[in-house]
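Single-letter residue listing:
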Amino acid sequence: MNITEEQLCTDLSRVFTLLRRRFDRAMTEQGASLAQTKILMCVKAYAGAGRAADIAEALDIAPRTVTEALDGLERDGMVRRVPDAEDRRVKRVTLTPAGDAAIAVTDPLRRQLSREVMGVLDLSEREHLNAALQKILRGLAEI
């Protein structure tokens, strides 16, 4: 079988799109979308010390996108922005109990969905897929 590089890229893109949709749909039903959960988890990882710019850099997304997402999360009561003690121009982002609860609800769901999706592969196939993806990621990092 002669599979072109373009076909592999197309298939990989399609897998990513379908995977994102499936996760997002299921997670939104639980109260926080995939995108919201990623930001909430990043906020949690910074333990109240992160700024919107830090989150944008960590997730490799535009600062404006993070600001808009934080606006929505703040409206929904999942995060708070508080002035930095040393520089009042800086706002630190912290999780609220509602944000923590959203992560707690979606974490087992993300794990379950991952098992379902990857359950079609046996251990050897998973190892080969992981090796191939790591090789692609290394190649992309060099570009």
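Criteria and thresholds
Residues numbered from 1 in each chain as written. Predicted model: local features only at pLDDT ≥ 70, side-chain atom pairs only at ≥ 80, totals over all residues. Heavy atoms only, no water. Salt bridge = Lys/Arg side-chain N within 4 Å of Asp/Glu carboxyl O. Buried < 20%, exposed > 50% of the residue type's maximum accessible area, 1.4 Å probe, protein only. Helix = DSSP H or I, 4+ residues; strand = E, 2+ residues; numbered from the N terminus. Patch = residues over 30% accessible without salt bridge, like charges linked within 9 Å, V, L, I, M, F, W, Y side chains within 5 Å. Areas by Shrake-Rupley, 256 points an atom, 1.4 Å probe, with all protein chains shown as cover. Axes fitted to C-alpha atoms, helices over the stretch in contact; angles between N-to-C directions. Parallel < 35°, antiparallel > 145°, perpendicular 65-115°, else oblique. Contact = heavy atoms within 4.5 Å. Nonpolar A, V, L, I, M, F, W, Y, C, P; charged D, E, K, R; others polar.

**Digging into the pattern of salt bridges**
By the definition in use, this model includes ten salt bridges. For Arg81, the salt bridge identified is with Glu74, shortest N-O distance 3.4 Å. On the basis of relative accessibility, which here comes to 25%, the residue Arg81 falls in the partly exposed class. What makes Glu74 partly exposed here is its relative accessible area of 32%. The shortest N-O distance in the salt bridge between Asp107 and Arg110 comes to 2.7 Å. Of this pair, Asp107 and Arg110 both sit in helix 5 (residues 97–118), three residues apart, which is roughly one turn of the helix. Under the relative-accessibility criterion, Asp107 is labelled partly exposed at 21%. Note on Arg110: relative accessible area 15%, which makes it buried. Put simply, Asp71, Glu74 and Arg81 are held in one network by salt bridges that share partners.

**Topic: a nonpolar patch on the surface**
The grouping of Leu12, Met118, Leu129, Leu133, Ile136, Leu137, Leu140 and Ile143 at the surface amounts to a nonpolar patch, some 730 Å² of accessible area in total. The element best represented in the nonpolar patch is helix 6 (residues 123–142), accounting for five residues. Here Ile143 shows up in the segment after helix 6.

**A short note on the packing of helix 2 (residues 34–46) against helix 4 (residues 63–75)**
Angle between the axes and distance between the axes are the two parameters that describe a pair of packed helices. Put simply, helix 2 and helix 4 touch, their axes get as near as 11 Å, and they point 85° apart. When the interaxial angle is binned, helix 2 and helix 4 end up roughly perpendicular. In contact with Gln36, Ile39, Leu40 and Val43 of helix 2, helix 4 contributes Ala69, Leu70 and Leu73. Within the contact of helix 2 with helix 4, the residues separate by chemical class into six nonpolar, one polar and no charged.

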